[in-house]
Structures are given as structure tokens and as C-alpha cells.
Amino acid sequence: MSTYLLVHGAWHSGEIWQRVTPLITGAGHRAFAPSLTGHGDRSHLLGPEVGLYTHVDDIVQVITDQNLWNVVLVGHSYAGLIISSVAARVPERIGHLVYLDAMDPKDGQSAIDIIPAAQLLIDHAAETGEPWRLAPLPEQPDNLFGVTDPADRAWLRTILSDESVLCFQQPVRLGNTTADIPRTYIHCTTGAPPDSRNRPPAQADSAPTQVWELPTGHDCMVTMPAELTDLLLKLA
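Residues numbered from 1 in each chain as written. Predicted model: local features only at pLDDT ≥ 70, side-chain atom pairs only at ≥ 80, totals over all residues. Heavy atoms only, no water.

Quick look at the environment of Ser 84
Looking at where Ser 84 falls in the secondary structure, it is placed in helix α3 (residues 79-89). Using a relative accessible area of 1% as the deciding quantity, one classes Ser 84 as buried. Separated by 88 residues in sequence, Ser 84 and Val 172 place their C-alpha atoms 7.8 Å apart. Here Tyr 99 takes part through its side chain, which lies 2.6 Å from a polar atom of the side chain of Ser 84. (Helix = DSSP H or I, 4+ residues; strand = E, 2+ residues; numbered from the N terminus. Buried < 20%, exposed > 50% of the residue type's maximum accessible area, 1.4 Å probe, protein only. Polar contact = N/O pair within 3.5 Å; in protein donor to acceptor, adjacent residues only side chain to side chain.)

Considerations on the environment of Ser 35
Structurally, Ser 35 is set in the loop between β2 (30-32) and α2 (52-65). The exposure class of Ser 35 is buried, given its relative accessible area of 14%. Remark: the alpha-carbon pair of Ser 35 and Ser 84, spanning 49 residues in sequence, is separated by 18 Å. Among the polar contacts made by the side chain of Ser 35, one reaches the main-chain amide nitrogen of Gly 14 at a distance of 2.9 Å.

So, helix α9 (residues 225-233)
Those residues of α9 that fall on the buried side of the exposure criterion are Pro 225, Leu 228, Thr 229, Leu 231 and Leu 232. One side of α9 carries all its buried residues, which in axial view fall inside an arc of 160°. (Arc of directions from axis to C-beta.)

Overview of the pattern of salt bridges
One pass over the full model with this rule turns up 8 salt bridges. Note that Arg 157 is salt-bridged to Glu 139, the shortest N-O span being 2.8 Å. Taken together, the residues span a long stretch of sequence, with Arg 157 in helix α6 (residues 150-159) and Glu 139 in the loop between β5 (133-134) and α6 at a distance of 18 residues. By relative accessible area, Arg 157 is classed as partly exposed at 43%. Three or more residues joined by partner-sharing salt bridges are found here, namely Glu 130, Arg 133 and Asp 162. (Salt bridge = Lys/Arg side-chain N within 4 Å of Asp/Glu carboxyl O.)

With respect to the state of the cysteines
Tallying each qualifying case throughout the model produces 0 disulfides. The closest cysteine sulfur to the non-disulfide-bonded Cys 188 is located on Cys 220, 3.6 Å from its own sulfur. Cys 188 gets classed as buried once you look at its relative accessible area, which sits at 1%. (Disulfide = S-S within 2.5 Å.)

Some remarks on the sheet that holds β2
What the 6 strands build is an open sheet, ordered β2-β1-β3-β4-β7-β8; its pairing is parallel. Each having just a single partner strand, β2 and β8 (210-214) make up the two edges of the open sheet. Taken over all neighbouring pairs, the strand axes of this sheet differ in orientation by 20° on average, direction set aside. As paired elements, strand β7 (residues 183-188) and β8 share 5 bridges and run parallel to each other. Of the residues in β8, the one forming a bridge with Cys 188 is Leu 214. Sitting on the sheet, α2 touches β1 (3-7), β3 (71-76) and β4 (94-100), and the angle it makes with β1 is about 160°. (Pairing = 2+ DSSP bridges. Axes fitted to C-alpha atoms, helices over the stretch in contact; angles between N-to-C directions. Contact = heavy atoms within 4.5 Å.)

Describing the packing of aromatic side chains
Given two aromatic rings, one states the distance between the centres and the angle between the planes to describe the pair. What the rule picks out here adds up to 4 aromatic pairs. Between Trp 11 and Phe 145, the ring centres sit 6.2 Å apart and the planes meet at 45°, which makes this aromatic pair tilted. Taken as a pair, Trp 11 in the loop between β1 and α1 (21-26) and Phe 145 in the loop between β5 and α6 lie far apart in primary sequence, 134 residues in all. The exposure class of Trp 11 is buried, given its relative accessible area of 5%. Of the residues examined, Phe 145 reaches a relative accessible area of 12% and is grouped as buried. Plain terms: the ring middles of Tyr 99 and Tyr 185 are 5.2 Å apart, the flat faces sit at 15° to each other, and that makes the pair stacked. Taken together, the residues span a long stretch of sequence, with Tyr 99 in strand β4 and Tyr 185 in strand β7 at a distance of 86 residues. Comparing Tyr 99 with Tyr 185 shows no difference in burial state: the two are buried. (Phe/Tyr/Trp six-rings, centres within 6.5 Å; stacked < 30°, edge-to-face > 60°.)

See below:
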């Protein structure tokens, strides 16, 4: 039995994984999908003081409170910064890191460093009465975070909530403690590839970096949950 800890990205909540977690547990494994501070059932906790470090603390607390070991730690999008930071905090607890269409930071980088266009969102927020608050990315005519089905888009709108500017501004603190943890990258290939897809050419032991692709949009846990789960179960 393996333990999967699924970390949602910015503006989302743990509910985004509801099509994946039953498939993981149905295969005989454990799956945890908490909502980060300021999201889902914790949305009332959002404030200007909530940042990347808050979310790192959230996930470290889940790992320690649940006494989790050899964790397959999956980070979607912005949560690539979170899982990298968590692995630096508790490397002995992490068995595998999975970057799911996610940012892959170097030590000292923030989300803005990886995707400079995020600064435009912050500049826009600065012109409002709550300059610390970032609304979700606007819906496109044909998709919302890569989700195209009208019913799925309507459901996704119900779980999206605002994000704090500090999440994009705080830099990761990594050191060299995560170098020996195996990594897998899963890229969603539909739509323009994000700037965050740079990846190291090899693992620390010189083995090739494992990269898988899903032919869908960014929120693949909504659009291709079975296919995503099949990939994750290869790491069990």
C-alpha cells in the first residue's frame, strides 16, 4: 500500500481531486487531498498574511499529524513550489515527487520568477481596495483552466476562490536536501505550454528524468482522472 498526498494549485481546493482519490483508494492505496489555507472549507482563513510558507506548513502538518512515510507527493501547478519546499523540510518522509503540470523551482525562486506574467495579476490587484487579493484567472470562451466541458466548467466555478499575493511572492527555500528524491513530471499538452515546464535533464543518480504526457488541458484531474490515476499508480 502506497500513500498519495495530492496538493491542489492556486485558486483551487482539495475538492478538485474528487475524481482521482476514489480510484487510488480503490486500487488499495491511501490518498489525502487537503484544502490549503484560504481554500475550500478553509476559505474563511484567507488573508494578506497567507502565503507559500503557510501552505508548506499545511502539508507538513498533514504528513506529521497522519504520521505519513514514503509519501508520493503530487503538486499541481503552483503547488510545485509547495511540494519542493515540503521535501526540503521533511525529506525523510518523501518517497517520490510528482510535478503535475507544475512549477519546478530552483532555490530562492518565487512563482513570479518562474512565470513573470503573474506580476500582471498583482499589478491589477494593487489598483483595487484589497491589493493582497488575487481573483481566479478569467474564464476563456472555450475553457476554464483547460476544462472545456460545460458541466465540468460550471462545477469548477463553484470550487474556485481567491488567492493571496504573498503566495506568488515568497521564494522557496530548498538547499540540497531534495536532490536524492526521485521525480516524475506529468505535462498536460493541450494549450500553450507554461514557462514552468523546464526540467533537469537527469535525476541526481544520472538516471533520465521521467516525463509523461496527458493530451488534455491544465486541470487534468477533472478532464482525464482515470488516465492520470493510471500514471500515478505506476509509482506505487
